[in-house]
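# What the coordinates show
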Amino acid sequence: QVQLVESGGGLVQSGGSLRLSCAAPGSIFSSYYMGWYRQGPGKQRELVAVFTSGDGINYADSVKGRFTCSRDTSKNTVYLQMNSLKPEDTAVYYCTAKRYWFVRSPSDYWGQGTQVTVSS
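This is a predicted model, so every value here is computed, not measured. (Residues numbered from 1 in each chain as written. Predicted model: local features only at pLDDT ≥ 70, side-chain atom pairs only at ≥ 80, totals over all residues. Heavy atoms only, no water.)

Let us look at the side chain of Ser21. Residue position: Ser21 is located in strand β3 (residues 18-23). Judged by relative accessible area, which is 14%, Ser21 ranks as buried. (Helix = DSSP H or I, 4+ residues; strand = E, 2+ residues; numbered from the N terminus. Buried < 20%, exposed > 50% of the residue type's maximum accessible area, 1.4 Å probe, protein only.)

Below, the structure is given as structure tokens:
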């Protein structure tokens, strides 16, 4: 069973910052597209950021300029640096290893989720 281990969530005030981390098995990290989704209260799960073919990164419009997705291949870890956080960023954030970067697939792997709460 593939495990994606997330850490770094918590409670932060509006305008603050948090960094999420996600460690993956090497075989998954090197062959899948790593990224992040989130699911806010009463909302559907939505893309936050994902690595694309050619090592680009696709960001949701709502986080562009505020969030930065990066990775450390020596640690098989992907990060999500979240700055200028807003209350509407409150959600459970999920690390994902996607079979295809442009579409969700039954072959995708998911972390357990980490709660991010932004107070106003």
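Following the structure, the description resumes.
If charged atoms from side chains of opposite charge come close, those side chains can pair. A complete count under the given rule lists 6 salt bridges for this structure. For Arg66, the salt bridge identified is with Asp89, shortest N-O distance 2.7 Å. In this pair, Arg66 sits in the loop between β6 (57-59) and β7 (67-72) while Asp89 sits in the loop between β8 (77-82) and β9 (91-98), placing the two residues 23 residues apart along the sequence. Of the two residues examined, Arg66 and Asp89, each falls in the buried class. Salt-bridge contacts for Lys98 lead to Asp108; the nearest nitrogen and oxygen are separated by 3.4 Å. One end of the pair, Lys98, is in strand β9; the other, Asp108, is in the loop between β9 and β10 (109-110), with 10 residues separating them in the sequence. Look at Lys98 and you get buried, because its relative accessible area is 1%. By relative accessible area, which is 7% here, Asp108 ends up buried. Salt bridges sharing partners connect three or more residues here, namely Arg38, Glu46, Arg66 and Asp89. (Salt bridge = Lys/Arg side-chain N within 4 Å of Asp/Glu carboxyl O.)

Once that is clear, we can look at the sheet that holds β8. Pairing in this open sheet of 4 strands is antiparallel, and the strands run β1-β3-β8-β7 from one edge to the other. Here the strands that pair on one side only, and so sit at the sheet edges, are β1 (5-7) and β7. Put simply, the sheet's adjacent strands are angled 15 degrees from each other on average, direction ignored. Both β3 and β8 contribute to a ladder of 6 bridges, which runs antiparallel. Bridge pairing in β8 links Ala23 to Thr77. (Pairing = 2+ DSSP bridges. Axes fitted to C-alpha atoms, helices over the stretch in contact; angles between N-to-C directions.)

A separate point is the side chain of Arg66. Residue Arg66 is classed as buried on the basis of its relative accessible area, which comes to 11%. Only 2.8 Å separates the side chain of Arg66 from the backbone oxygen of Ser62, close enough to count as a polar contact. Engagement of the side chain of Arg66 in a polar contact is seen with the backbone oxygen of Ser84, the distance being 3.0 Å. When near neighbours in sequence (up to four residues on either side) are disregarded, Arg66 contacts Gln81, Met82, Asn83, Ser84, Leu85, Lys86 and Asp89. (Polar contact = N/O pair within 3.5 Å; in protein donor to acceptor, adjacent residues only side chain to side chain. Contact = heavy atoms within 4.5 Å.)

Put plainly, a disulfide is one covalent bond tying together the sulfur atoms of two cysteines. What the rule picks out here adds up to 1 disulfide. Between the sulfur atoms of Cys22 and its disulfide mate Cys95 the distance is 2.0 Å. The S-S bond linking Cys22 to Cys95 shows a torsion near -80 degrees; that makes this disulfide left-handed. Of this pair, Cys22 sits in strand β3 while Cys95 sits in strand β9, and the two are 73 residues apart along the sequence. Judged by its relative accessible area of 0%, Cys22 falls in the buried class. Accessibility expressed as a relative area gives 0% for Cys95, which makes it buried. Among the cysteines around Cys69, which has no disulfide bond, Cys95 carries the closest sulfur, lying 8.7 Å off. Among the residues examined, Cys69 registers a relative accessible area of 3% and is labelled buried. (Disulfide = S-S within 2.5 Å.)

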